Each structure stands twice: as structure tokens, then as C-alpha cells.
Amino acid sequence: MKVSIIIAVYNEAKTVAALLERVWAQPLAGAVKEIIIVESNSTDGSRDIVAEFAVRRAADLGSTVRVIYEQGPKGKGHAVRHGFAAATGDILLVQDADLEYDPADYPNLLKPIIEGRTAFVLGSRHMGRERWRIRQFAHRGLQSAFMNLGGMLFHGFFNALYSTRLTDPTSMYKVFRADCLDGLSFTCDRFDFDFELLGKLIRAGFAPLEVPVSYQSRGFDEGKKIRIFRDPLTWVMAIVKCRFTPMAAAKKPRARTPYSEKPATRPSS
């Protein structure tokens, strides 16, 4: 069994090297890893870090590394969709390039799918010790409270529209069988893609099983890219649109559109 791990990278020079090494080193019992990195032409040196990692790991056995170099940033959703199209694994797993989520949770995320108990797993931050107080920014208590309250409101809104009882629909960790995407199409480019992906998978009949994961929040001064006065409106629009837009009546095999993929060599500066 092969697990394709999709990692979107843009301006994550402070964390991406450590994250990639953690992903590479994390063992997966009974499965091999395909690490697909979509690098969106960062301006802080992230592209060179990704290229160096790919070259260094090119000859290693057991896992494969594939890098897609985009010409410019078009949003996390756009990058993840490129990764989905290039993936050849039986299971797809979405991973951010920061260190908020821990790859050590992979075995628990994959186990229910490998055992055949579900096709779709969500990693819930709210099933852990902190429950709803998952965002804790140093010396920014008011901002932390605002973000945690906003998360609760969006969770309630999503659950009300989709008749679900999910504890963490905004979680980054979405893991599912590759064939779950058959017949589905996506248009969201930014963080609204998280809601589009979740909403369409649920409407396609794949009820997610939540498992607890660890989480270490980072603040805006540490590189968090969500824009408080821009992104929430796109989330609402994605939630509503995905809920009420008619779905295709029948599924068709997923076409793997070829995207521009360069060899594992360091790009010129």
C-alpha cells in the first residue's frame, strides 16, 4: 500500500526543513510513502531548501520524493489540488509545511483506513487535552480567545448545514482513500479549499472518522498566513456553496492531469 503525502510550501523557510525530515523519518507499518511537495516560488529560500531535500533523498530506498515547482503562489488549495493530480498512492494525506501538526500522528490517522473501518479520517485537535483552547499565542491572550471563539462558530455553522457532529472540521489533517475523489472537482484556491474538500467528500457519502491529534499553534508573527478580515468570508461562501450546489449523479474515474514536474535538482536563483 502506498500513502501519498501532499505538502504545499510557500515561504516556510523557518520550518520546512525540519518538517520534511520528520515526514521522511516517520515509519508507516505496512505502507510506503510518496512525498509530493508543491513549492509555490517562495521568496524566503524555501524553494532551495525543498530542492536540496529532494536531491539528498533521491537515492534513498523505501520512499519517493516528487517536487512540483509552481511559477508563483496561487494559494494553498491550488497547490494541494496540484498534488492530488500528481499522486499515485492508495491513500492521500494532506500535511502543512509548518510544525503545528506532528507527523508522529500518521499511524493513528492511517490505521482506520488500512483496517477497512472507514474511507476518510479527520485528525481532531479538539479531542485532545486542550479541547477548544487549541490556539494559544504567547503574550496575545485576546487574539487567542478571538481565534478560538471564531473556530467554535465556524464548527457550529458547518455542522448545522451538513447535519454532522464533527469536533474539528477545520483540521488540516484530512486522510482518505484516493478513490474518494473519483467524480469530484474542486475550484477553491485558498484556505477555503479545506471546507470545499470536506464538504464534497461528506456529500459524496464519505462520513469522516475523527481521531485525536497533537497540535502546537503558531502566531501571525511566526508566519501564520490566515487573513482575519479576508479569509472567513471565503470560508462561509465555500461551506454554503458546497452544501447546496448539486452533486454529480454518478462517479467517474479520477483523471490524473499531468502537471509540470521538474527533476530533483536545485532550481536556479
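Preceding this section is the structure that the text describes.
Residues numbered from 1 in each chain as written. Predicted model: local features only at pLDDT ≥ 70, side-chain atom pairs only at ≥ 80, totals over all residues. Heavy atoms only, no water.

Chemist: I keep staring at helix α4 (residues 106–114) and nothing clicks. Help me out?
Modeler: Side chains of residues three or four places apart in an α-helix project in the same direction, reflecting 3.6 residues per turn. Buried within α4 are the following residues: Y106, L109, L110, P112 and I113. Projected down its long axis, α4 carries its buried residues within an arc of 155°, all on one side. G116, located one to two residues past α4, shows a positive phi value of around 80°. (Buried < 20%, exposed > 50% of the residue type's maximum accessible area, 1.4 Å probe, protein only. Helix = DSSP H or I, 4+ residues; strand = E, 2+ residues; numbered from the N terminus. Arc of directions from axis to C-beta.)

Chemist: Sorry if this is basic, but what is going on with the sheet that holds strand β5 (residues 120–124) here?
Modeler: Consider a sheet: its strands pair through backbone hydrogen bonds, and that pairing is either parallel or antiparallel. The strand order β3-β2-β1-β4-β6-β5-β7 describes an open sheet built from 7 strands, whose pairing is mixed. Of all the strands in the sheet, the pair left with one neighbour each is β3 (63–69) and β7 (209–212). In this sheet, adjacent strand axes meet at a mean angle of 20° when their direction is disregarded. Pairing between β5 and strand β6 (residues 174–177): 3 bridges, direction antiparallel. The residue bridging V121 from the neighbouring strand is V175, located in β6. Its contacts with the sheet put α4 on β1 (2–9), β4 (91–96), β5, β6 and β7, and the angle it makes with β5 is roughly 155°. Helix α6 (residues 193–203) contacts β5 and β6 of the sheet and is inclined by roughly 40° relative to β6. (Pairing = 2+ DSSP bridges. Axes fitted to C-alpha atoms, helices over the stretch in contact; angles between N-to-C directions. Contact = heavy atoms within 4.5 Å.)

Chemist: I tried to follow the packing of aromatic side chains on my own but got confused; where do I start?
Modeler: The geometry of an aromatic ring pair is captured by two quantities: the separation of the ring centres and the angle between the planes. In the structure shown here, the tally under the stated rule is 13 aromatic pairs. With centroids separated by 6.3 Å and ring planes inclined at 85°, the aromatic side chains of W24 and F53 adopt a geometry described as edge-to-face. Of the two residues, W24 sits in helix α1 (residues 16–25) while F53 sits in helix α2 (residues 46–57), which places them 29 residues apart along the sequence. Assigned by exposure class, W24 and F53 land together as buried. (Phe/Tyr/Trp six-rings, centres within 6.5 Å; stacked < 30°, edge-to-face > 60°.)

Chemist: Looking at this structure, how should I read the packing of α1 against α2?
Modeler: Between α1 and α2, the least distance of the axes is 10 Å, while the angle of their chain directions is 30°. If you check the angle between α1 and α2, you find them roughly parallel. Here the hand of the crossing between α1 and α2 comes out right-handed. For the pair α1 and α2, contact is made by V16, A17, L20, E21 and W24 and by I49, V50, F53, R56 and R57, respectively. Grouping the amino acids of the contact of α1 with α2 by side-chain chemistry returns 7 nonpolar, no polar and 3 charged. (Parallel < 35°, antiparallel > 145°, perpendicular 65-115°, else oblique. Left-handed = near helix turned anticlockwise from the far one by under 90°. Nonpolar A, V, L, I, M, F, W, Y, C, P; charged D, E, K, R; others polar.)

What is shown is where atoms sit, not what they do.
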